[in-house]
Amino acid sequence: MSQTASSLKFNDYLELCKPKVVALILFTAVIGMFLATPGMVPLDALVFGTVGIGLAASSAAAINQLLDQRFDAKMARTQGRPLPQGHVNSREVLIFAGILGALSMAILVWLVNPLTAVLTFFSLVGYAVIYTVWLKHATPQNIVIGGAAGAAPPLLGWAAVTGEVGPEALILFLIIFAWTPPHFWALAIARKEDYAKVDIPMLPVTHGSGYTRWQILFYTVILVIITLLPWLIQMSGWLYLVTAVITGAIFLGYAIAMMLKPDDTKLPMKTFGYSIIYLMVLFAALLLDHYLI
C-alpha cells in the first residue's frame, strides 16, 4: 500500500471515530475529572481515564456508523462517510470498533477503576446499540431518552478520579442531558428532509418544525434553570454564574428567534452551532471558577 493510500485509509478510520464529537466528549469528561478534586487530578486517572473514555467513544461512533450505513448512504449529511463511500467494509469496521472497545475496557478496568469501566460500557451500549438500533427508529422522543448516554462523559470523568458518583457529577450529567434536545433538534429541523427520506421519526418529521421549535424553547428554558444548580449548591461561584446567565440568555435568544422567524432557513444551523460553543464555554467556566475563584 502506497503512502498516499495508507494516509487515506488512516483518514477513513479517523472519520469512523467522529473526532469532533469525541473531542467534545473528552472535553466535558476531563473537566469532570478536574471538578472532582480540589487539587490536581492524579496523572494516572487523567491520562488513562481520558484514553479509555476516548477509545470507548470512538468505538461507539464506529458501531453507530456500521449499523446506520444504509441510512447514511441516502442522507446528504452522511453519504460521504467511509462506509457509504465503500472506503471500508463492514467487517473492517466491526473489527476496528471491537479492538477500540476492548482496549478501552481493559484500560479502564486495570488502570482506572471498575466503576468507570462499567459506566463507560453502559454508555457505549446505550448509544451504539440501544439508541442507534431501537430508540432512533422507535419514537420522536429518541433524542430525549437516548440523551442519557451522551450526557455521561463528565460523570465518567468524575468517577475516574473519585471511584464514585457524587451529586455534583449528577448535576453535570443533567446539564448535558437538558442541552441535548435543543442542540440536536435544531440540526433535525435543518435536516428534516434527510430524516424524512429514510423514515427516521425525528420530531420535526413526525410533529412538524413549528412544534419542534416550541420544544426547543421549552428545553432551553429547562437547561438555563439547571445550569444555575452548580451555583445554588455552592459548587461554583460568581464567575460561573455570570457566564451561565449570559450564555444562557443568548441561547434563549436563539430559541426565541427560531419561534419568531420560522422562514429563516439558516437560523436552525446557527442555533446548532451556537449550542456547541455554549456547552464548551459553560464547562470552561466551571473549570476556571473551580481553580481561580
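Refer to the structure above for everything that follows.
Residues numbered from 1 in each chain as written. Predicted model: local features only at pLDDT ≥ 70, side-chain atom pairs only at ≥ 80, totals over all residues. Heavy atoms only, no water.

Q: Go over the overall build of the protein, please, and point to the residues and values.
A: Assigned secondary structure in the protein consists of 15 helices and 0 strands. By the compact-globule yardstick of 19 Å for 293 residues, the protein fits well, its C-alpha radius of gyration being 19 Å. Projecting the C-alpha coordinates of the protein onto the three principal axes gives extents of approximately 50 × 50 × 35 Å. For the protein, the proportion of its 293 residues judged to be buried stands at 51%. Sequence-distant contacts in the protein: of pairs separated by 6 or more residues, those separated by 24 or more amount to 74%. Here the protein contributes 16 positive and 14 negative side-chain charges, whose respective centroids are spaced 9 Å apart. (Helix = DSSP H or I, 4+ residues; strand = E, 2+ residues; numbered from the N terminus. Rg over C-alpha atoms; globule rule 2.2 N^0.38 Å. Buried < 20%, exposed > 50% of the residue type's maximum accessible area, 1.4 Å probe, protein only. Contact = heavy atoms within 4.5 Å. Lys, Arg positive; Asp, Glu negative; His and termini not counted. Charge placed at Lys NZ, Arg CZ, Asp CG, Glu CD.)

Q: Please give an account of helix α9 (residues 153-162) that cites residues and values.
A: Quick reminder: α-helices carry 3.6 residues per turn. Residues three or four places apart thus point the same way. Most of α9 sits inside the fold, with 8 of its 10 residues counted as buried. Those residues of α9 lying buried are Pro153, Pro154, Leu155, Leu156, Gly157, Trp158, Ala159 and Ala160. Immediately downstream of α9, the backbone of Gly163 shows phi near 75°, a positive value.

Q: Can you break down the packing of aromatic side chains residue by residue, with the values?
A: Tallying each qualifying case throughout the model produces 11 aromatic pairs. Measuring from centroid to centroid gives 5.9 Å for Phe173 and Phe177, while their planes differ by 15°, and the two rings are stacked. Of the two residues, Phe173 and Phe177 both sit in helix α10 (residues 167-190), 4 residues apart, roughly one turn of that helix. Note on Phe251 and Tyr278: the rings are 5.1 Å apart at their centroids and 65° apart in plane angle, and the pair reads as edge-to-face. Linking Phe251 in helix α14 (residues 238-260) with Tyr278 in helix α15 (residues 267-292), this pair joins segments that are 27 residues apart in sequence. Look at Phe251 and you get buried, because its relative accessible area is 0%. Taken together, the aromatic side chains of Phe251, Tyr254, Tyr274 and Tyr278 make up a single cluster linked through ring pairs. (Phe/Tyr/Trp six-rings, centres within 6.5 Å; stacked < 30°, edge-to-face > 60°.)

Q: Explain the packing of helix α8 (residues 142-150) against α10 residue by residue, including any values.
A: The interhelical angle for the contact between α8 and α10, taken along N-to-C directions, is 130°, at an axis separation of 9 Å. The pairing of α8 with α10 is recorded here as oblique in orientation. The two elements α8 and α10 meet at a crossing, and its hand is right-handed. Touching Ile143, Val144, Gly147, Ala148 and Gly150 of α8 are Phe173, Ile176, Phe177, Thr180, Pro181, Phe184 and Trp185, all from α10. The residue makeup of the contact of α8 with α10, split by class, is 9 nonpolar, 3 polar and no charged. (Axes fitted to C-alpha atoms, helices over the stretch in contact; angles between N-to-C directions. Parallel < 35°, antiparallel > 145°, perpendicular 65-115°, else oblique. Left-handed = near helix turned anticlockwise from the far one by under 90°. Nonpolar A, V, L, I, M, F, W, Y, C, P; charged D, E, K, R; others polar.)

Q: Residue-level account of the side chain of Ser58, with values.
A: Relative to the helices and strands, Ser58 is located in helix α3 (residues 43-67). When residues no more than four places from it in sequence are discounted, the contact partners of Ser58 are Leu16, Cys17, Val22 and Leu100.

Q: Could you give an account of the pattern of salt bridges, with specific residues and numbers?
A: Counting across every chain of the model gives 4 salt bridges. Between Asp72 and Arg81 there is a salt bridge, with the nearest N and O atoms lying 3.1 Å from each other. This pair shows no difference in class: Asp72 is buried, exactly as Arg81 is. (Salt bridge = Lys/Arg side-chain N within 4 Å of Asp/Glu carboxyl O.)

Q: Before we move on, could you go through the environment of Leu228 and cite the residues and values that matter?
A: Secondary-structure assignment places Leu228 in the loop between α12 (203-226) and α13 (229-232). The class for Leu228 is partly exposed, based on a relative accessible area of 27%. Sequence-wise, Leu228 and Leu187 are 41 residues apart; in three dimensions their C-alpha atoms are separated by 26 Å.

Q: Which residues make up the layout of surface pockets, and what are the values?
A: Considered as a void within the structure, the second largest pocket measures approximately 190 Å³ in volume. Considering the residues around the second largest pocket, the lining is formed by 13 residues, among which Phe122, Ser123, Gly126, Ala148 and Ala149 are closest to the centre. Among the secondary structure elements, those contributing two or more residues to the lining of the second largest pocket are α7 (114-138) and α8. Residue contributions to the lining of the second largest pocket peak at 6 residues, all from α7. Across the lining of the second largest pocket, the residue classes break down as 10 nonpolar, 3 polar and no charged. (1 Å grid on protein atoms, 1.4 Å probe; cavity = no way out; pocket = protein on both sides within 12 Å on 5 of 7 lines; lining within 4 Å. Points joined across faces, edges and corners; volume = space filled by probe spheres on them.)

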